[in-house]
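A structural walkthrough
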Amino acid sequence: MGVTAVVVLAAGAGTRMRSTLPKVMHPLAGRPLLWHALTAARGLAPEHLVAVVGHGRETVGAWLETNLPDVATAVQDEQLGTGHAVSCALDVLGPLTGTVVVTYGDVPLLRTETLAALVSAHQAAGNAVTVLTAHVTDPTGYGRIVRDAPDGGVSAIVEHKDADAAQRAITEINSGVYAFDAAVLADALTRITAANAQGERYLTDVVGIARGDGRPVGGLVAEDAAETEGVNDRVQLSDMARTLNDRLVRSAQLAGATVLDPRTTWLHADVVVAADATIARNTSLEAGTTVAAGATVGPDTTLVDCRVGVGATVVRTHAQGAVIGDGAAVGPFTFLRPGTVLAAGAKVGAYVEVKKSTIGPGAKVPHLSYVGDATLGAGVNFGAGAITANYDGVGKYDTVIGDGAFVGTNTTLVAPVTVEPGGFTAAGSTITDDVAAGDLAVARGRQSAVPGWVARRLPGSTMAAAAERAADTTSHHPATPSAGPAAIPELPGPLTTEPGKASPA
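As the structure is a computational prediction, the values presented were derived from the model and not from experiment.

Looking now at the overall build of the protein. Across its full length, the protein holds ten helices and 39 strands. For 505 residues, the compact-globule estimate of 2.2 N^0.38 gives 23 Å, and the protein exceeds it by more than 25% at 34 Å. Seen along its three principal axes, the alpha-carbon backbone of the protein occupies a region of about 115 × 50 × 40 Å. Burial status across the protein gives 44% buried among its 505 residues. Contacts spanning at least 24 positions in sequence make up 41% of the contacts within the protein whose residues lie at least 6 apart. If you sum the accessible surface of the protein, you get close to 23,800 Å²; carbon and sulfur atoms cover 54% of it. A gap of 7 Å separates the mean positions of the 35 positive and 48 negative side-chain charges of the protein.

This is the structure we're talking about:
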């Protein structure tokens, strides 16, 4: 089954979209409508693939040049009908022989398999033209397919406004997608006229010309009528988004993924979910995200252009451009920005933001922290409330934390700065100088007390009353002094970052 050319018509204004964006550039499952049409066409492996552009051609052409540079373009300066649009394409392609398929840039559900079936039927029957048709419940507004008896060939396509009562009762409609013999198409396009109310040259007229020349015209009924539907307004766009998403989710399920709630799971067209991965409710996987076997993503998670490794878990997270390694754990309520890389077994927990940083194997950033422009080595513990101060208002600077280092609670690391392997920062410190391997860095003022300050400055307050009651209790039960552990005079306070753990002696 060879296909000489596929022509994708994408020149229409799409006025009912009420948008400055060309209709064919509106996104569906993360890709423009035109991408879906061209991807289906490309599956036929045609010798030539051409998109006819017109309205918004600067935008559409620039997108094609960047994303699909192998697709040829033809320009329809004036929108003078579908027949005129195909003529513009043939002017670019030159003389052709063989099969030419014509489809549309706003028919995103049409699959390669359906186009291939159309081509096969066309070539097997030796038709001059083969029309892709569909049976619909309400054919109002569509051209009706009138067939010959008894061979079932297509004798005419009658527009709704021109149909009589018997023809309007026909439920088989014209999708506007065709397979043509190239020579027949080229000849017929020179013979169609604009003698109609709209003053346009319609591709439909090629069917009548072929029939008038005594050439066979056939029709193939699409198995799923939804594939032939076009997008004309935002309501249809959202309806198709749901239909396509159902198809994508079902495909992932049949390939072995577990999707706990298909109704609230959204997948972009180029997302890959491996067998034995689990996707929980309210999860959106976008822009080429991949999820490996055994991983769990969701609930309440959005991943954009991310890679999730084998056995990783990602819960209530928003991430973009992140790599999440095998067995890593993310969330809940986590924000991973572009350039984030989590090595195997790393953990990034609740209310943590990470940007353009690498979190090493087994390293932990458990909660309430910001890590930006940093490299954390293997086994690093990054305490609650600690941050990298990577921006001075002009430039961004790097922080490096070596293997096995311990960053205490509420530490501020003022970049550029390095904590060497095994280094330790005391809770509440502001670190501006490098910390050597195995050293303790303490950078905080000593605690001082002003006795009786509350009673003098806030008399009559709740705090003052509480302090007075405490003083009365203490006066009746004086504390017994404790010798305690050996003093460490150079330390300004406890070093522990977690309650209930003893400070290093």
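Here we take up the packing of helix H6 (residues 182-189) against helix H7 (residues 204-212). The relative placement of two packed helices is expressed as an angle between their axes plus a distance between the axes. At a closest axis distance of 10 Å, the pairing of H6 and H7 adopts a crossing angle of 105 degrees. In terms of orientation, H6 and H7 fall into the roughly perpendicular class. Counted together, Val184, Leu185, Ala188 and Leu189 of H6 and Val206, Ile209 and Ala210 of H7 form the full contact between these two elements.

Together, Phe333, Tyr351 and Leu368 line one region of the surface with nonpolar side chains, adding up to about 340 Å² of accessible area. With respect to the secondary-structure elements, leucine 368 resides in strand E29 (residues 364-372).

Take the pattern of salt bridges next. Applying the stated criterion across every chain yields a total of 15 salt bridges. The partner of aspartate 148 in a salt bridge is arginine 211, and the shortest N-O contact between them spans 2.8 Å. Remark: arginine 211 occurs in helix H7 and aspartate 148 occurs in the loop between strand E8 (144-147) and strand E9 (154-158); sequence separation between them is 63 residues. A relative accessible area of 24% places aspartate 148 in the partly exposed class. Look at arginine 211 and you get partly exposed, because its relative accessible area is 31%. Arginine 316 serves as the salt-bridge partner of aspartate 300, at 2.9 Å between the closest nitrogen and oxygen. Of the two residues, aspartate 300 is situated in the loop between strand E18 (296-297) and strand E19 (301-304) and arginine 316 in the loop between strand E21 (313-314) and strand E22 (317-320); the sequence distance between them amounts to 16 residues. A relative accessible area of 31% means that aspartate 300 is categorised as partly exposed. Under the relative-accessibility criterion, arginine 316 is labelled partly exposed at 28%. Among the charged side chains, a network of salt bridges with common partners joins Arg111, Glu113 and Glu227.

What follows is about the environment of alanine 11. Tracing the backbone shows alanine 11 in the loop between strand E1 (5-10) and strand E2 (27-28). Along the chain, alanine 11 and arginine 469 lie 458 residues apart, while their C-alpha atoms are 83 Å from each other. When sequence neighbours within four positions are dropped, the list of residues in contact with alanine 11 reads Val52, Val53, Gly54, His55, Gln76 and Gln79.

As a further point, take unusual backbone geometry. Excluding glycine, residues mostly carry a negative phi; peptide bonds, for their part, are mostly trans. A cis amide bond links glycine 298 with the next residue in sequence, proline 299, at an omega value of 5 degrees. Look at the link from glycine 331 to proline 332: it is a cis peptide, with omega at 5 degrees. Take proline 332: it is sitting in the loop between strand E24 (329-330) and strand E25 (334-336).

Okay, a negative patch on the surface next. Residues Glu223, Asp224, Glu229 and Asp239 make up a contiguous surface patch of negative charge. One can find glutamate 229 in the loop between strand E11 (217-221) and helix H8 (234-254).

Turning next to the confidence of the model for the protein. On average, the protein scores 92 in pLDDT, and the residues at 70 or more come to 94%. Low pLDDT, under 50, characterises residues 482-505; the stretch is placed with 28 contacts to residues that sit more than four places away or in other chains.

Let us now look at the sheet that holds strand E26 (residues 341-342). One open sheet accounts for nine strands, arranged E14-E17-E20-E23-E26-E28-E30-E33-E36; its pairing is parallel. Since the sheet does not close on itself, it has two edges, and those belong to strand E14 (272-273) and strand E36 (417-419), each with one partner. Bridge count for strand E23 (residues 323-324) against E26 is two bridges, and the pairing is parallel. If you follow isoleucine 324 over to E26, its bridge partner there is leucine 342.

In this section: H8. Here H8 contains 21 residues, and its C-alpha end-to-end distance of 30 Å stays within 8% of the 30 Å for a straight helix at 1.5 Å per residue. Among the residues of H8, those classed as buried are Leu237, Met240, Leu244, Asn245, Leu248, Val249 and Ala252. Residues of H8 that are buried in the fold lie against E2, helix H1 (33-42), strand E12 (258-259) and strand E13 (265-267).

What follows covers the nonpolar core. Within the largest apolar cluster, 67 residues are counted, with the highest numbers of intra-cluster contacts made by Leu34, Leu64, Val129, Tyr178, Leu185, Leu203 and Val206. Leucine 64 has contacts with Leu34, Leu38, Ala51, Val53, Pro69 and Thr73, leaving out every residue within four places of it along the chain. In terms of nonpolar packing, the next biggest core, distinct from the first, is built from 58 residues, Leu376, Val380, Leu413 and Val419 among them.

Mapping threonine 130 onto the fold places it in strand E7 (residues 129-135). Dropping the residues within four chain positions of it, threonine 130 is found in contact with Leu118, His122, Val177, Tyr178, Ala179, Gly218, Gly219 and Leu220.

Tallied over the entire structure, the rule returns three aromatic pairs. Between phenylalanine 406 and phenylalanine 424, the aromatic rings sit 4.7 Å apart at their centres with planes inclined by 15 degrees, giving stacked as the arrangement. Of the two residues, phenylalanine 406 sits in strand E34 (residues 406-407) while phenylalanine 424 sits in strand E37 (residues 424-425), which places them 18 residues apart along the sequence. A relative accessible area of 21% places phenylalanine 406 in the partly exposed class. Positioned above the aromatic ring of tyrosine 391 is the side chain of lysine 396, whose terminal nitrogen or guanidinium carbon lies 5.2 Å from the ring centre.

Moving on, we come to the environment of glycine 61. With respect to the helices, strands and loops of the structure, glycine 61 is situated in helix H2 (residues 57-67). The partly exposed category is assigned to glycine 61, whose relative accessible area is 22%. When the C-alpha positions of glycine 61 and alanine 51 are compared, they lie 9.2 Å apart, and in sequence the two are ten residues distant.

Definitions and limits used
- Residues numbered from 1 in each chain as written.
- Predicted model: local features only at pLDDT ≥ 70, side-chain atom pairs only at ≥ 80, totals over all residues.
- Heavy atoms only, no water.
- Helix = DSSP H or I, 4+ residues; strand = E, 2+ residues; numbered from the N terminus.
- Rg over C-alpha atoms; globule rule 2.2 N^0.38 Å.
- Buried < 20%, exposed > 50% of the residue type's maximum accessible area, 1.4 Å probe, protein only.
- Contact = heavy atoms within 4.5 Å.
- Areas by Shrake-Rupley, 256 points an atom, 1.4 Å probe, with all protein chains shown as cover.
- Lys, Arg positive; Asp, Glu negative; His and termini not counted.
- Charge placed at Lys NZ, Arg CZ, Asp CG, Glu CD.
- Axes fitted to C-alpha atoms, helices over the stretch in contact; angles between N-to-C directions.
- Parallel < 35°, antiparallel > 145°, perpendicular 65-115°, else oblique.
- Patch = residues over 30% accessible without salt bridge, like charges linked within 9 Å, V, L, I, M, F, W, Y side chains within 5 Å.
- Salt bridge = Lys/Arg side-chain N within 4 Å of Asp/Glu carboxyl O.
- pLDDT = per-residue confidence, 0-100.
- Pairing = 2+ DSSP bridges.
- Expected span 1.5 Å × (residues − 1).
- Core = buried A, V, L, I, M, F, W, Y, C linked by side-chain atoms within 4.5 Å.
- Phe/Tyr/Trp six-rings, centres within 6.5 Å; stacked < 30°, edge-to-face > 60°.
- Lys NZ or Arg CZ within 6 Å of the ring centre and 35° of its normal.

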